[in-house]
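The chain contents come next:
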Amino acid sequence: MSITTQRLIQWKQQGRSIVALTAWDYAIAQLLDHAGVDLILVGDSMSVVLGYETTLPLTLEEVLHHAKAVRRGVSRALIVVDLPFLTYQESITQAMHSAGRVLKETGAQAVKLEGGYPAMVEIIARLVQAGIPVMGHVGLTPQSVHQLGLRQQGRTEADAERILQEAIALEQAGVFSIVLEHIPAELALHITQKLSIPTIGIGAGKDCDGQILVTSDVLGLSAKQPPFAKVYTNLRQTITKAVEEYGMEVREGKFPES
Ligand code: KIV
């Protein structure tokens, strides 16, 4: 049985933490699902595997392609798919079209949209009214990298208040959960206590209702990680060593053995 958006809301009420990670392909998605990850995000952080420097160049077609592969590898986790930059900000019609394609063509259960400013809240409310589950995302929003940089948000009283109000407006618009990215832990705690939907933190302290990280950071595959990521294993090192060993054996005639 697949995890539902309603289940995540129940887990908040029960105080059960939500475990979330990103996946961009079938193999990793299958491993995460078998390892018991509750929510898999087909994040626009997939830009790193496509060699883009930011999330901005990513297209809806690229996201659909990867989300279909993830879907094939998952039977339990809830799959949420990021709508890429400028595939939802222009109008309600554009957002409806993009989110609709994600749900119809990939089999994912929900979409994630960045931002909690009034025009975005209106777009999200319309998606929710149309039966499309939406996850919000406030704080550091990487699609606004050229405005915000990648620094922590919500450090001044005014900015913290803005982020809190955005989170409240998104809950009222009907999102089932909100990602809080790179904001002070006290602000994330305050938002988490104010909302009845679960908050999923990334660089937002330990008091969110769940945590998400980018899987390539967790596995040590990324060339560099954000300061809040934890690297649980170093696959860059492991892969380099294995490939060098293979290369040496081929050159020395040791592989294959006969
Ligand atoms: O794209 C992504 O991986 C994300 C997470 C950082 C939450 O949006």
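Keep in mind that this is a model prediction, so the values were computed, not measured.

Engineer: Just to check I follow, could you spell out the overall build of the protein chain for this structure?
Structural biologist: Across its full length, the protein chain carries 10 helices and 8 strands. Computed over the C-alpha atoms, the radius of gyration of the protein chain is 19 Å, within 12% of the 18 Å expected from 2.2 N^0.38 for a compact globule of 258 residues. Principal-axis analysis of the C-alpha atoms gives the protein chain an extent of 65 × 40 × 40 Å. Looking at the protein chain residue by residue over its 258 residues, the buried ones come to 50%. Restricting the contact set of the protein chain to residue pairs at least 6 apart, pairs at least 24 apart contribute 59%. Only carbon and sulfur atoms are counted for the fraction: they give 55% of the accessible area of the protein chain, which is about 12800 Å².

Engineer: What am I meant to see in the packing of aromatic side chains here?
Structural biologist: Aromatic ring pairs are reported here in terms of the distance separating the ring centres and the angle at which the planes meet. Tallied over the entire structure, the rule returns 1 aromatic pair. Directly above the ring of Trp11 sits Arg16, whose terminal nitrogen or CZ lies 3.7 Å from the centroid.

Engineer: What is the right way to look at the side chain of Asp159 in this model?
Structural biologist: In this fold, Asp159 is placed in helix 7 (residues 157-173). Residue classification places Asp159 among the buried positions, given a relative accessible area of 19%. In this structure Asp159 touches Gln153 and Gly154, once residues within four positions along its chain are discounted.

Engineer: Please explain the sheet that holds strand 3 (residues 78-82) as it appears in this structure.
Structural biologist: Across a sheet, strands are paired by hydrogen bonds formed along the backbone, either parallel or antiparallel in direction. The parallel closed barrel is built from 8 strands, whose spatial order is 1-2-3-4-5-6-7-8. With strand direction ignored, the average angle separating the axes of adjacent strands in the sheet is 25°. Relative to strand 7 (residues 199-202), strand 6 (residues 177-181) runs parallel, the two being bridged by 4 bridges. Looking across to strand 7, one finds that Glu181 is bridged to Ile202.

Engineer: Looking at this structure, I do not really get helix 7. What am I missing?
Structural biologist: Residue pairs three or four apart in sequence face the same way in an α-helix, which turns once every 3.6 residues. Taking 1.5 Å of rise per residue, the 17 residues of helix 7 would be expected to cover 24 Å, and the 24 Å separating its terminal C-alpha atoms lies within 8% of that figure. Among the residues of helix 7, Asp159, Ala160, Ile163, Leu164, Glu166, Ala167, Leu170, Glu171 and Ala173 are the ones counted as buried. Contact partners of the buried residues in helix 7: helix 5 (118-129), strand 5 (134-139), strand 6 and helix 8 (185-194). Positive phi shows up at Gly174, right after helix 7, with a value of about 110°.

Reading the values: the criteria
- Residues numbered from 1 in each chain as written.
- Predicted model: local features only at pLDDT ≥ 70, side-chain atom pairs only at ≥ 80, totals over all residues.
- Heavy atoms only, no water.
- Helix = DSSP H or I, 4+ residues; strand = E, 2+ residues; numbered from the N terminus.
- Rg over C-alpha atoms; globule rule 2.2 N^0.38 Å.
- Buried < 20%, exposed > 50% of the residue type's maximum accessible area, 1.4 Å probe, protein only.
- Contact = heavy atoms within 4.5 Å.
- Areas by Shrake-Rupley, 256 points an atom, 1.4 Å probe, with all protein chains shown as cover.
- Phe/Tyr/Trp six-rings, centres within 6.5 Å; stacked < 30°, edge-to-face > 60°.
- Lys NZ or Arg CZ within 6 Å of the ring centre and 35° of its normal.
- Pairing = 2+ DSSP bridges.
- Axes fitted to C-alpha atoms, helices over the stretch in contact; angles between N-to-C directions.
- Expected span 1.5 Å × (residues − 1).

Taken by themselves, the reported measurements are silent on function.
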